[in-house]
Amino acid sequence: MRSFPIYASILGALLCLAPATGSAQGWDAATKAASWAKQDKDDSFTFYDAPGRALHTWVRDGGLLGTLPLGKLDGEPDRWVIDPRNAAWVAHGTTLTHLDRTGRSLGSERLPAPVGDICWDAVGMILSYRTPEPYLEKRDFRNAEVIWSFGAKPTRKEGSTPQNRRPLTLDDSGNILMADGNALNLSILDANTGHKIGETALLFQGAPPPSLEGDTLSRGPLAVWVGKGVILAALKASQIPAVQRGTFQGLVLARLDLPHNGLEFLPTGLDDSHILVGILDSDAVFVNPKGGLMLVKIK
């Protein structure tokens, strides 16, 4: 992995993300986004609009790129991805539904557990399930067939046990990075085979990173700073060990500098209801669940 000189800091000012002129077309993420999303390679985001029961794909420099209605979907979506044909795969409960660009159902697949997070490459989607122990599947975009699985497939008897959410992202090399439980180090999996190929070896002030505290079953999202070798992990201040917490409040970013094995904690000035969805240029992008996007400058 290529090494880059990076100096971490967060500026105090929070900037509202201005919509592109003339491209709102009735829905604009800058003021209306209120859901989870994950940044795609073209820097677009697909948000769920609960009042309108639709998925909106939006990009900062182009505004609204497309809308896919979910009116006939059973229940609320948990995670989703727009595939190369501009159709959607939507995980809801223990079902994965394939919808064409008009919202017409193309079929559904039964899943072994609820989906905690999802990422994707050109071949398919990687599903991280909410299970007691890590369990991932990569499924083909064409028919949702399982290409590989990682971990022990859950059984029905595990339904009442704690269900961990393990966030995922792809690094600059196309490998899968997975956060799990109270560990700040990330597992590294080969996206082509599902084999675990290692873990990050982070150091915090010259020592192995501390374990997180409190509720770590529902870990916050990961975001990759493309070309920098840096991963941002969203944390609640209450999850940071008291000895390192200091004056941190609300939402905090763990800045994982993989080329240098470095770890820092960075304030955002946001409360912990905000959702990290990606990085644009040198700004971390967050959704306010009350509606709209916020930027936090990073270096």
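Here, the structure is the one placed above.
Residues numbered from 1 in each chain as written. Predicted model: local features only at pLDDT ≥ 70, side-chain atom pairs only at ≥ 80, totals over all residues. Heavy atoms only, no water.

## So, the sheet that holds strand β11 (residues 135-140)
Test applied: Whether two strands pair depends on DSSP finding at least two bridges between them. Only runs of H or I of at least four residues qualify as helices and only runs of E of at least two qualify as strands under DSSP, and these elements are numbered from the N terminus. Here, axes are lines fitted to C-alpha atoms. For helices the fit covers the stretch in contact, and angles between N-to-C directions go from 0 to 180 degrees.
Taken in spatial order, the 4 strands make up an open sheet running β9-β10-β11-β12, and their pairing is antiparallel. Looking at which strands have only one partner, the edges of the open sheet turn out to be β9 (115-120) and β12 (146-151). Across this sheet, the average inter-strand angle for adjacent strands is 20 degrees, counted without regard to direction. Two strands pair when backbone bridges link them, and β9 and strand β10 (residues 124-129) are joined in this way by 5 bridges, in the antiparallel orientation. Within the sheet, the bridge partner assigned to Asp 117 lies in β10 and is Ser 128.

## A few points about the nonpolar core
Nonpolar side chains in soluble globular proteins tend to be buried together. Our working rule: Note on terminology: a nonpolar core comprises buried Ala, Val, Leu, Ile, Met, Phe, Trp, Tyr and Cys residues joined through side-chain atoms within 4.5 Å. Whether a residue is buried, partly exposed or exposed follows from its accessible area with a 1.4 Å probe, protein chains only, as a fraction of its type maximum: under 20%, in between, or over 50%, in that order.
Grouped together as the largest cluster of nonpolar side chains are 26 residues, with contacts concentrated most on Leu 55, Leu 70, Val 90 and Met 125. Taken together, the elements giving at least two residues each to this core come down to β5 (79-82), β6 (88-92), β7 (95-99), β9 and β10. The element best represented in this core is β6, accounting for 4 residues. With 22 residues, the next largest nonpolar core counts Ala 233, Ile 240, Ala 254 and Leu 258 among its residues.

## A short note on unusual backbone geometry
With a phi close to 70 degrees, Asp 43 is a non-glycine residue in the positive phi region. Relative to the elements of secondary structure, Asp 43 occurs in the loop between α1 (29-32) and β2 (45-49). Positioned with a positive phi, Ala 144 is a non-glycine residue whose angle comes to about 65 degrees. Counting through the fold element by element, Ala 144 comes out in the loop between β11 and β12.

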